[in-house]
Amino acid sequence: MSLNLLIETTSDRDFDYIVEENNDTKKKNLYIQGVFMEAERVNKNNRIYPIEEMTREVERYIKEMIGGGRAMGELNHPTNPDVDLGRACHMVTELRQEGKQFVGKSKVLSTPCGKIVESLISDGVKVGMSTRSLGKLVEETGKDGINKVEDMRLVAIDCVADPSCSDAFVNGILENKQWICDSGGRFVPAYEDFENKLSKLPNTQDQLQQYLTEQIKTFINKL
């Protein structure tokens, strides 16, 4: 099953910037808090996330990622569904449901990208949070241009300097690939899976023709 890379922001929401001091070490940490995700509302990308879909995936993310101290996000969105530790700038520490919204709290890291975020906030720049997920888009019957998201897989919550201006970049670059899960559990572009299969060609001519026909049809169906 092929999935789309989906980027969503809550740019009409304000985020709070909180400085907390550790009582033991006296070290001050900067946190970003606000609405990170929202369900049952058509967003600016004309997509809607069913509440049960988002709740299920947030529960998984809390258990597997936040609970394990692995819920890191990058400074701006990359063009793939992987988290690059070298670009990590914050770590989500809390994510709780309030009705159809999911309020999060994230600690700004002391990494190079984290220091950039800290400097931006210190200089008065408004930064926000934007989700990066994989999912299947299903057009809503009778609702022209609106897609419902199914099989959602939350990859990361990234920090963006200007969420309200992300549409052109997102639609032009980030969401133009189809992604599938390979045998090792890694999400790869559909064309990479196609290329890998072509490297394992049968020996006989009859088998080769049949194999190539099947792989080409599969690849086209995933586009």
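Here the structure is shown first, and the text comes after it.
In this text, all values refer to a predicted model and were calculated from it rather than measured experimentally.

Let's talk about helix α1 (residues 51-66)
Since the α-helix turns once every 3.6 residues, residues separated by three or four places project in the same direction.
And step 1. If you check which residues of α1 are buried, you get E53, M54, T55, E57, V58, R60, Y61, M65 and I66.
And step 2. On its buried face, α1 sits against β3 (28-38), β6 (88-98), β7 (101-108) and β9 (147-160).

Section: the packing of aromatic side chains
And step 1. Summed over the entire model, instances satisfying the criterion amount to one aromatic pair.
And step 2. Each ring, one from F15 and one from F36, has its centre 6.1 Å from the other, and the planes form 40 degrees; the classification is tilted. Here F36 lies in strand β3 and F15 lies in the loop between β1 (3-9) and β2 (16-21), a separation of 21 residues in the sequence.
And step 3. Its relative accessible area of 1% is what places F36 among the buried residues.
And step 4. The ring of Y31 has K105 sitting right over it, with the charged end atom 4.7 Å from the ring centre.

Notes on the nonpolar core
And step 1. Within the largest apolar cluster, 30 residues are counted, with the highest numbers of intra-cluster contacts made by I32, F36, M37, L95 and V117.
And step 2. Among the secondary structure elements, those contributing two or more residues to this core are β3, α1, β6, β7, α2 (112-122) and β9.
And step 3. Discounting chain neighbours no more than four positions away, the residues touching I32 are F15, D16, Y17, G104, K105, S106, V108, V117, I121, V127, M129 and C159.
And step 4. Membership of the second largest hydrophobic core comes to six residues, among which are L5, I7, V155 and A156.

The rules behind the values
- Residues numbered from 1 in each chain as written.
- Predicted model: local features only at pLDDT ≥ 70, side-chain atom pairs only at ≥ 80, totals over all residues.
- Heavy atoms only, no water.
- Buried < 20%, exposed > 50% of the residue type's maximum accessible area, 1.4 Å probe, protein only.
- Helix = DSSP H or I, 4+ residues; strand = E, 2+ residues; numbered from the N terminus.
- Contact = heavy atoms within 4.5 Å.
- Phe/Tyr/Trp six-rings, centres within 6.5 Å; stacked < 30°, edge-to-face > 60°.
- Lys NZ or Arg CZ within 6 Å of the ring centre and 35° of its normal.
- Core = buried A, V, L, I, M, F, W, Y, C linked by side-chain atoms within 4.5 Å.

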